[in-house]
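Remarks on the overall topology
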Amino acid sequence: MGLYEIQWKDSAKKELKNLDKAIIKRLLAHIDLLAENPRPVTSKKLQGIDNFYRIRVADYRVVYSIEDDVLVVEIIRLGHRRKIYQNIGKLK
């Protein structure tokens, strides 16, 4: 299996820029690892939404989708655990 390409939604890039630099560094390190293994042991599939997964990084979450046929991981949303799941159903 080859490496997956990491793609970002524009809204996820915007959310990333609004975070503290220390957490940005940690999030990016975990996101880079998704290129090698998009379904790490720590990931969870989101219920009710096809191909949406999330990983935890401290109190923050990264929501992403996986397209196995074209080897793409798309970062959908990221943010604090209290706010990340609000309006996630609209992203289908």
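Below, the structure is looked at part by part.

Reading the values: rules and limits
Residues numbered from 1 in each chain as written. Predicted model: local features only at pLDDT ≥ 70, side-chain atom pairs only at ≥ 80, totals over all residues. Heavy atoms only, no water. Helix = DSSP H or I, 4+ residues; strand = E, 2+ residues; numbered from the N terminus. Buried < 20%, exposed > 50% of the residue type's maximum accessible area, 1.4 Å probe, protein only. Pairing = 2+ DSSP bridges. Phe/Tyr/Trp six-rings, centres within 6.5 Å; stacked < 30°, edge-to-face > 60°. Lys NZ or Arg CZ within 6 Å of the ring centre and 35° of its normal. Lys, Arg positive; Asp, Glu negative; His and termini not counted. Salt bridge = Lys/Arg side-chain N within 4 Å of Asp/Glu carboxyl O. Contact = heavy atoms within 4.5 Å.

**Overview of the environment of Ala22**
One can find Ala22 in helix H2 (residues 21-33). For the pair Ala22 and Glu5, spaced 17 residues apart in sequence, the C-alpha separation works out to 24 Å.

**Some points on the pairing of strand E4 (residues 60-67)**
Looking down a regular strand, the side chains alternate between one sheet face and the other. In terms of residue burial, E4 counts as a mostly covered element, since seven of its eight residues are buried. Judged from the six bridges that link them, strand E3 (residues 52-57) and E4 form a sheet pairing that is antiparallel. Looking at E4, one finds that Val57 is bridged to Tyr60. In this antiparallel pair of consecutive strands, E3 and E4, the connection spans two residues, and Ala58 shows a positive phi of 55°. With eight bridges connecting them, E4 and strand E5 (residues 72-80) associate as antiparallel partners. Looking at E5, one finds that Arg61 is bridged to Gly79.

**Overview of the packing of aromatic side chains**
Scanning the entire structure with this criterion turns up one aromatic pair. Consider the rings of Tyr53 and Tyr64, whose centres lie 6.0 Å apart with planes at 25°: the pair is stacked. Note that Tyr53 is positioned in strand E3 and Tyr64 in strand E4, a separation of 11 residues in sequence. In this pair, the class of Tyr53 matches that of Tyr64, namely buried. In this arrangement the basic side chain of Lys45 is found over the ring face of Tyr53, its NZ or CZ atom lying 6.0 Å from the centre.

**Details of the side chain of Arg54**
Positionally, Arg54 belongs in strand E3. Of the side chains with opposite charge, Asp59 comes closest to the buried, unpaired Arg54, at an N-O distance of 11 Å. Setting aside anything within four residues of it in sequence, one finds Arg54 in contact with Thr42, Ser43, Lys44, Leu46, Arg61, Val62, Val63, Tyr64 and Tyr85.

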